[in-house]
Number of protein chains: 2
Amino acid sequence: MPVNLTSPVATQLLPITGVLLGVAEAGIKRPNRNDLLVMQLCAESKVAGVFTKNRFCAAPVIVAREHLAQPDGIRALLINTGNANAGTGEQGMQDALASCAALAGLLNCNPKKILPFSTGVIMEPLPVAKIAAGLPSAVANMRSDNWYAAAHAIMTTDIVAKAVSKQVTVDGVLITITGIAKGSGMIHPNMATMLGYIATDAKVSQQLLQEMVREVANRSFNCITVDGDTSTNDALILIATGKSGLREVSASDSAAYRTLFEAITEVSIFLAQAIVRDGEGATKFITVKVEGGKDIDECKKIGYAIARSPLVKTAFFASDPNLGRILAAIGYAGVADLDVAMLKLYLDDLLVAENGGRAISYREEDGQRIMQNDEITIRVLLNRSTAMTTLWTCDFSYDYVKINASYRS
Amino acid sequence: MPVNLTSPVATQLLPITGVLLGVAEAGIKRPNRNDLLVMQLCAESKVAGVFTKNRFCAAPVIVAREHLAQPDGIRALLINTGNANAGTGEQGMQDALASCAALAGLLNCNPKKILPFSTGVIMEPLPVAKIAAGLPSAVANMRSDNWYAAAHAIMTTDIVAKAVSKQVTVDGVLITITGIAKGSGMIHPNMATMLGYIATDAKVSQQLLQEMVREVANRSFNCITVDGDTSTNDALILIATGKSGLREVSASDSAAYRTLFEAITEVSIFLAQAIVRDGEGATKFITVKVEGGKDIDECKKIGYAIARSPLVKTAFFASDPNLGRILAAIGYAGVADLDVAMLKLYLDDLLVAENGGRAISYREEDGQRIMQNDEITIRVLLNRSTAMTTLWTCDFSYDYVKINASYRS
């Protein structure tokens, strides 16, 4: 079950003026569930996105990148679950374009103004006919207060829908931000995780919005891992409808940008963490902080070595303070000139290791007590310089675990 | 249970003239099992080794490296299980040296002629007193036909002991090679996996023996992964006693070297594969061949991305031909200029994917049939150039699996 994550409350999800959402049941994979989402945007909307760096990226990712690059703006987003349209070659491209054309026909716009997204099984043909047949119903039920249904419609193995709203005041104008995301497995984003959509009624210039989404992704979705597998379909999309009445934000050094950026980052971190809390089989939510590095790159190397290690993850599932496994992961992270005698390892506020070995003050029962918690922070102080990073991950539960968890008992 | 791996037959393990082995029960962790091994070598023996690249490498690894570098030769190897003496700081170094001193006292030699090795829990102090107390019994029972007991004495989570012998004729002289290894978890060797010992009665110059062990490791232990975790204690040791009567092999371009190298590589691959077959929770043995790369480095990147992917490994456990997961792993392996439309993916001899998507000839039932087997080859043809590599791994079984295995059903 998801770790300290409950389903969003529909009434707490705030509409974004300029965004309408419609869902439908196209029967792509499972019966009796919505698997199609259309997000229609007002004409003035600016849209920016970041996508997976997987070389086998899905056809809709290629099409969405191209459509985002054309200058006429985006009119709608089309998202299906049940099929990733990835590893589908030339046919996949045709299918993605055909889906865009079907929605464009209903919305009476150029197909290039549609961004397509797919999530689900890889290497199976996209059922375009089912999608085309489901679209009229999705378009017919479009509403601005439909974010709750939208968050549910994009789920695959997710147990809980991920959605959140936030309001901030910028230059005296109330700005609203609402975001949804999905993801539970194949989570090791290298750009952003499959399907994050964040909309705001602030007005932001196209160039600045693209800068913002990249930086927001680096601080949120690019800081999580569930199983170390980078998806073929990752995408984080940021939409600014400009309907709030706030003047356009166009300078990255302005106070308005700063406030907006912080609020959108907060929404994005909530959604990214929600994906980890709902990670496949997760029973614990683990924060990995690496501080005092020479640069962020080495902090991330060490953080991800810990966060990806099956041995570390199974020890956390078992609440077994077999913390030497964390040292082993730090050691193989690939930081060639790392002096292990210089670093300190903490579990929450408990000093575990220093001077290349277990801290003299460390007592097993203290480690044991912290390991019982369902939210734990691993903190590594490298004492090399000032760079730092924070990552989020979950444990590996059940039987893979059983074997490693019984190693010390 | 180990995949197609049975316990070695004691009588099939051939003594190596010049090597005596003694085991003992020191009570380091569990009662009633041997956890101490002494291998005494004749004075003429040459010894070479490769060790983990983990920055948190264990104290015995540091000591063994130093002792190997001194010119007076090695007289004995001392191996304990139940405690890794890793992440133990300065005390760990003292403890490793004290263990060497204890054995040197019994063998009446310089402690620098002892190579120490430890395997087990990380970040706990080595119980030197127990080891010192157990040594006299180990030394007292040293015999040349003790390889079977030795293979058992070094096991930790291993279910089956790993040992093999091989004989080849070089320049008319019969040469014998016997090797033992241990390992089941924390297996992603970056040099060699924790505790592999191979001895031969051939005579090999020190320099050539070091070249040989490095190359042998690269073709065997450095080609396996179970969980992606590189151990703090990995070591592969190659011993040449020179007792066979064959003249010294000292040129790497000689036919004698070639024959010996191939035979030792074969022994090493058997042992490395045995570790994978006995990988924690393994139910399938998977060979990953990547061919047609620009260089070995990119072949290994792609091979390890596949071999480490929890999603690929769980699909194999479930016998589910969800083979798009292999494409996803190829895509995120980090080969920046990879053209996915050029590659071909095979499962055994079955063409699965080409032209960036599923092969037209591929039928799900054919994939399904191959996935039932307990030994399967994944073959990726990159069509970029001529480099190639072969790796070996196992599946991820049980519950971590359950979640991913039910994703398509």
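Every value quoted in this text rests on a predicted model; they were computed, and no experiment measured them.

> Please set out the overall build of chain A residue by residue, giving values where relevant.
Summing up its helical and strand segments, chain A has eleven helices and 16 strands in all. Here the C-alpha atoms of chain A give a radius of gyration of 22 Å, agreeing with the 22 Å that 2.2 N^0.38 yields for 409 residues. A principal-axis box enclosing the C-alpha atoms of chain A has dimensions of 70 × 50 × 40 Å. When each of the 409 residues of chain A is scored for burial, the buried share is 61%. Relative to all contacts within chain A whose residues are 6 or more apart in sequence, the contacts with residues 24 or more apart total 82%.

> Tell me about the environment of A:Leu351, residues and numbers included.
All names here are of chain A. Mapped onto the elements, leucine 351 comes out in strand β13 (residues 350-354). Judged by the 17 C-beta atoms lying within 10 Å of it, leucine 351 is partly exposed. Filtering out sequence-adjacent residues up to four positions away, leucine 351 remains in contact with Lys344, Tyr346, Ala359, Ser361 and Tyr362.

> So what about the sheet that holds strand β16 (residues 387-394) of chain A? Which residues, and what values?
Residue and element names in this part refer to chain A. Within the open sheet, the seven strands sit side by side as β9-β16-β11-β15-β12-β13-β14. Their pairing is mixed. Edge positions in the sheet fall to β9 (224-225) and β14 (357-358), since each of these pairs with one other strand and no more. With seven bridges connecting them, strand β11 (residues 285-293) and strand β15 (residues 375-381) associate as parallel partners. Considered in β15, the bridge of glutamate 291 is made with leucine 381. Lying over the sheet, helix α6 (residues 255-277) contacts β9, β11 and β16, oriented at roughly 45° with respect to β16. Helix α10 (residues 364-371) contacts β12 (344-347), β13 and β15 of the sheet and is inclined by roughly 120° relative to β13.

> Provide a residue-level description of the interface of chain A and chain B, including the pertinent values.
Contacts between chain A and chain B engage 54 residues on the former and 54 residues on the latter. Of all the elements in the fold, those that place two or more residues in the side of chain A that touches chain B are α2 (89-107), α8 (310-317), α9 (324-331), β14 and α11 (399-405) of chain A. Sorting elements by how many residues they give to the side of chain A that touches chain B places α9(A) first, with seven residues. Residue composition of the side of chain A that touches chain B, grouped by class: 24 nonpolar, 22 polar and eight charged.

> Explain the relation of the copies chain A and chain B to me, using residue names and the numbers behind them.
At an RMSD of 0.0 Å, chain A and chain B line up after a rotation of 180° and a shift of 0.0 Å along the axis. Read as a symmetry element, the transformation amounts to a two-fold axis. Most of the interface of chain A is mirrored in chain B, where 100% of its interface residues again form contacts.

> Any chance you could break down the environment of B:Ile239 for me, citing the residues and the numbers?
Residues and elements named next belong to chain B. Relative to the helices and strands, isoleucine 239 resides in strand β10 (residues 235-240). With 29 C-beta atoms packed within 10 Å, isoleucine 239 lands in the buried category. Between the C-alpha atom of isoleucine 239 and that of leucine 68, which follows or precedes it by 171 residues, the distance is 12 Å. Ignoring anything within four residues of it in the chain, the contact list for isoleucine 239 reads Val19, Leu41, Ser45, Val47 and Ala199.

> Got a sec to walk through the nonpolar core? Specific residues and values, please.
The biggest cluster of nonpolar side chains holds 275 residues, and the ones touching the most others in it are A:Leu37, A:Leu238, A:Ile306, A:Ile330, B:Leu37, B:Ile306 and B:Ile330. The contact partners of A:Ile306, leaving out residues within four places of it in the chain, are A:Val288, A:Val312, A:Ile326, A:Ala329, A:Ile330 and A:Ile378.

> With reference to specific residues and values, describe the domain arrangement of chain A.
Residue and element names in this part refer to chain A. According to the domain assignment, chain A consists of domain 1 (10-277) and domain 2 (285-405). Of note, the centres of domain 1 and domain 2, computed from C-alpha atoms alone, are 34 Å apart. Taken together, the contact between domain 1 and domain 2 spans nine residues of the former and nine residues of the latter. Elements with a minimum of two residues in the side of domain 1 that touches domain 2: β9 and α6. Here the element with the most residues in the side of domain 1 that touches domain 2 is α6; it accounts for four residues. Taken together, the residues of the side of domain 1 that touches domain 2 sort by class into five nonpolar, three polar and one charged.

> Hey, could you go over helix α1 (residues 59-69) of chain B for me, with residue numbers and the actual values?
Given 3.6 residues to a turn, an α-helix orients residues that are three or four positions apart in the same direction. Turning to α1(B), its buried residues number three or more, namely B:Ala59, B:Pro60, B:Val61, B:Val63, B:Ala64 and B:His67. Buried residues in α1(B) make contact with β3 (46-51), α2 (89-107), β5 (114-121) and β10 of chain B.

> Give a description of unusual backbone geometry that names residues and reports values.
All names here are of chain A. Backbone geometry places asparagine 108, a non-glycine residue, at a positive phi of 60°. Relative to the helices and strands, asparagine 108 is located in the loop between α2 and β5 (114-121). Since 7 C-beta atoms lie within 10 Å of it, asparagine 108 is described here as exposed. Unlike most non-glycine residues, asparagine 355 shows phi in positive territory, near 55°. Within the secondary structure, asparagine 355 is located in the loop between β13 and β14. For asparagine 355, a count of 15 C-beta atoms within 10 Å corresponds to the partly exposed category.

> Now, about the packing of α1(B) against α2(B): what can you tell me, with residues and values included?
Residues and elements named next belong to chain B. In contact at an axis separation of 8 Å, α1 and α2 are set at 55° when each is read in the N-to-C sense. In this view, α1 runs oblique relative to α2, as classed from their interaxial angle. Relative to α2, α1 is oriented so that their crossing is right-handed. On the side of α1, the interface is formed by Ala59, Pro60, Ile62 and Val63, while α2 contributes Gly92, Met93, Asp95, Ala96, Leu97 and Cys100. Across the contact of α1 with α2, the residue classes tally to eight nonpolar, one polar and one charged.

> Which residues make up the sheet that holds strand β16 (residues 387-394) of chain B, and what values go with them?
All names here are of chain B. Ordered by their spatial adjacency, seven strands build an open sheet running β9-β16-β11-β15-β12-β13-β14, and the pairing between neighbours is mixed. At either end of the open sheet lies a strand with only one pairing partner, and these are β9 (224-225) and β14 (357-358). Looking at chain direction, β9 and β16 are connected through two bridges and run parallel. Bridging from a neighbouring strand, isoleucine 224 pairs with tryptophan 392 of β16. Together, β9, β11 (285-293), β15 (375-381) and β16 form the strand contacts of helix α7 (residues 296-308), whose direction differs from that of β16 by roughly 20°.

> So what about the pairing of strand β6 (residues 162-170) of chain B? Which residues, and what values?
All names here are of chain B. Pairing of β6 with strand β7 (residues 173-181) involves nine bridges; the strand directions are antiparallel. Directly across from serine 165, in β7, lies its bridge partner threonine 178. Counting the residues that bridge the hairpin from β6 to β7 gives two residues, and of these aspartate 171 lies at a positive phi of roughly 50°.

> Requested: an account of helix α3 (residues 128-140) of chain B, with residues and values cited.
All names here are of chain B. In a regular helix each residue adds 1.5 Å, so 13 residues correspond to 18 Å; α3 covers 19 Å between its end C-alpha atoms and thus fits that length. The axis of α3 is deflected most strongly, by about 30°, at glycine 134, and proline proline 136 appears within four residues downstream. Looking at α3, one finds that the buried residues are Val128, Ile131, Gly134, Leu135 and Ala138. Residues of α3 that are buried make contact with β1 (19-24), β2 (36-41), β4 (76-83) and α2.

Calculation notes
Residues numbered from 1 in each chain as written. Chains lettered and ligands numbered in written order. Predicted model: local features only at pLDDT ≥ 70, side-chain atom pairs only at ≥ 80, totals over all residues. Helix = DSSP H or I, 4+ residues; strand = E, 2+ residues; numbered from the N terminus. Rg over C-alpha atoms; globule rule 2.2 N^0.38 Å. Buried ≥ 20, exposed ≤ 12 C-beta atoms within 10 Å, placed from the backbone. Contact = placed C-beta atoms within 7 Å. Pairing = 2+ DSSP bridges. Axes fitted to C-alpha atoms, helices over the stretch in contact; angles between N-to-C directions. Nonpolar A, V, L, I, M, F, W, Y, C, P; charged D, E, K, R; others polar. Least-squares fit on C-alpha atoms with pLDDT ≥ 70 in both. Core = buried A, V, L, I, M, F, W, Y, C linked by C-beta atoms within 7 Å. Domains from an automatic or database assignment. Parallel < 35°, antiparallel > 145°, perpendicular 65-115°, else oblique. Left-handed = near helix turned anticlockwise from the far one by under 90°. Expected span 1.5 Å × (residues − 1). Bend = angle between axes of the 7 residues up to and from the residue.

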